[in-house]
Amino acid sequence: KAGVTQTPRYLIKTRGQQVTLSCSPISGHRSVSWYQQTPGQGLQFLFEYFSETQRNKGNFPGRFSGRQFSNSRSEMNVSTLELGDSALYLCASSPSTDTQYFGPGTRLTVL
Amino acid sequence: GESVGLHLPTLSVQEGDNSIINCAYSNSASDYFIWYKQESGKGPQFIIDIRSNMDKRQGQRVTVLLNKTVKHLSLQIAATQPGDSAVYFCAERDGYGQNFVFGPGTRLSVLP
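Residues numbered from 1 in each chain as written. Chains lettered and ligands numbered in written order. Predicted model: local features only at pLDDT ≥ 70, side-chain atom pairs only at ≥ 80, totals over all residues. Heavy atoms only, no water.

## What to know about the pattern of salt bridges
By the definition in use, this model includes 9 salt bridges over all chains. A salt bridge links Glu75 of chain A to Arg73 of chain A, with the nearest nitrogen and oxygen atoms 3.4 Å apart. Since its relative accessible area comes to 26%, Arg73 of chain A is described here as partly exposed. Between Arg93 of chain B and Asp31 of chain B there is a salt bridge; the shortest N-O distance is 3.2 Å. With Arg93 of chain B in strand β8 (residues 86-94) and Asp31 of chain B in strand β3 (residues 30-38), this residue pair connects regions lying 62 residues apart in the sequence. Exposure remark for Asp31 of chain B: the relative accessible area of 24% places this residue in the partly exposed category. Several salt bridges share partner residues, and in doing so they unite Arg63, Glu82 and Asp85 of chain A into one network. (Salt bridge = Lys/Arg side-chain N within 4 Å of Asp/Glu carboxyl O. Buried < 20%, exposed > 50% of the residue type's maximum accessible area, 1.4 Å probe, protein only. Helix = DSSP H or I, 4+ residues; strand = E, 2+ residues; numbered from the N terminus.)

## Description of the nonpolar core
Looking at soluble globular proteins, one finds that nonpolar side chains tend to be buried together. Counting 21 residues, the largest nonpolar core has Trp34, Leu46, Phe64, Met76 and Tyr89 of chain A as its most contacted members. Going through the elements one at a time, β3 (19-24), β4 (31-38), β5 (42-50), β8 (74-78), β9 (87-94) and β11 (106-110) of chain A are the ones with two or more residues in this core. Once residues lying within four places of it in the same chain are set aside, the contact partners of Phe64 of chain A are Gln36, Leu46, Phe47, Met76, Asn77, Val78, Asp85 and Tyr89 of chain A. Counting 19 residues, the second largest nonpolar core, distinct from the first, contains Val13, Tyr25, Phe33 and Ile48 of chain B. (Core = buried A, V, L, I, M, F, W, Y, C linked by side-chain atoms within 4.5 Å. Contact = heavy atoms within 4.5 Å.)

## A word on the layout of surface pockets
Empty space left among the atoms is revealed by rolling a probe the size of a water molecule over them. Residues and elements named next belong to chain B. Of the voids in this model, the largest pocket is the one considered here, and its volume is about 220 Å³. The wall of the largest pocket is formed by Lys37, Glu39, Gln45, Phe46, Ile47, Gln60, Arg61, Val62, Ile77, Asp84 and Tyr88. Per-element accounting of the lining of the largest pocket gives the leading share, 3 residues, to strand β4 (residues 45-51). Broken down by class, the residue content of the lining of the largest pocket amounts to 5 nonpolar, 2 polar and 4 charged. (1 Å grid on protein atoms, 1.4 Å probe; cavity = no way out; pocket = protein on both sides within 12 Å on 5 of 7 lines; lining within 4 Å. Points joined across faces, edges and corners; volume = space filled by probe spheres on them. Nonpolar A, V, L, I, M, F, W, Y, C, P; charged D, E, K, R; others polar.)

## What about the state of the cysteines?
Taken as a whole, this structure holds 2 disulfides over all chains when the rule is applied. Residue pairing for Cys23 of chain A: its cysteine sulfur links by disulfide to Cys91 of chain A, the two sulfurs lying 1.7 Å apart. Judged by the sign of its S-S torsion, about -55°, the bond between Cys23 of chain A and Cys91 of chain A is left-handed. Residue Cys23 of chain A is located in strand β3, and its partner Cys91 of chain A is located in strand β9; the two are separated by 68 residues in the primary sequence. Pair check on accessibility: Cys23 of chain A and Cys91 of chain A agree, each one buried. Between the sulfur atoms of Cys23 of chain B and its disulfide partner Cys90 of chain B the distance amounts to 1.6 Å. Here Cys90 of chain B lies in strand β8 and Cys23 of chain B lies in strand β2 (residues 19-24), a separation of 67 residues in the sequence. Pair check on accessibility: Cys23 of chain B and Cys90 of chain B agree, each one buried. (Disulfide = S-S within 2.5 Å.)

## Things to note about the sheet that holds strand β6 (residues 62-67) of chain B
Residue and element names in this part refer to chain B. Spatial ordering of the open sheet is given by β2-β7-β6-β5, a layout of 4 strands whose pairing is antiparallel. Bordering the open sheet on either side are β2 and β5 (56-58), each of which pairs with just one other strand. When the angles between neighbouring strand axes are averaged without regard to direction, this sheet yields 15°. (Pairing = 2+ DSSP bridges. Axes fitted to C-alpha atoms, helices over the stretch in contact; angles between N-to-C directions.)

## Quick notes on the packing of aromatic side chains
A full pass over the atoms with the stated rule returns 11 aromatic pairs over all chains. Seen from their ring centres, Tyr35 of chain A and Phe45 of chain A are 5.7 Å apart, and the 65° between their planes marks the pair as edge-to-face. You can see Tyr35 of chain A sitting in strand β4 and its partner Phe45 of chain A sitting in strand β5, a full 10 residues away along the chain. Phe45 of chain A carries the same exposure label as Tyr35 of chain A, and that label is buried. Ring geometry for Phe102 of chain A against Tyr36 of chain B: centres 5.2 Å apart, planes inclined by 85°, an arrangement best described as edge-to-face. (Phe/Tyr/Trp six-rings, centres within 6.5 Å; stacked < 30°, edge-to-face > 60°.)

Here is the structure:
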């Protein structure tokens, strides 16, 4: 099976802009979770979608949002970008609530 | 590649020796634990998992030990190889919200 894919791999934006990141889970996986990884804060949970519904949400401001489509592909959106949003954004898919398999991530740089 | 953590604790081991990476968790309600390996420029890679009703689980060259009394998890890597050099994360799933919480990570450096 193909692994989790994320696009784009690298992105450069300026403050105030918005960005949309995409994640295609492993075939058959219905759960998609998003994480933010920074050197200072480590891996932090953003949200999880299962069958097009947000099942869990982390402690991030409302500028961070996501959605999942009927084919389980997921997108996350960050509006009004801030410098502190620069990070590696990781997507993980899972068949249920157990083992998560990560994609390579999207490196977002906000200037 | 990306810098996963600039000030991570680092464990340096000689090639061929065994490595032990430790992780303390805080939530006594956590019911499932995973160890991940992250190499530079890549996403975390699943290594091994363990449920809270077990105290030991073995894989290929890796063993995870869970001590619920002191809320401690460890990953043992036998005969450490240069390819094992990476950052290792433990992750715990709480039994309520089903979220995963990741530890800060440990950088393993394998010396020739």
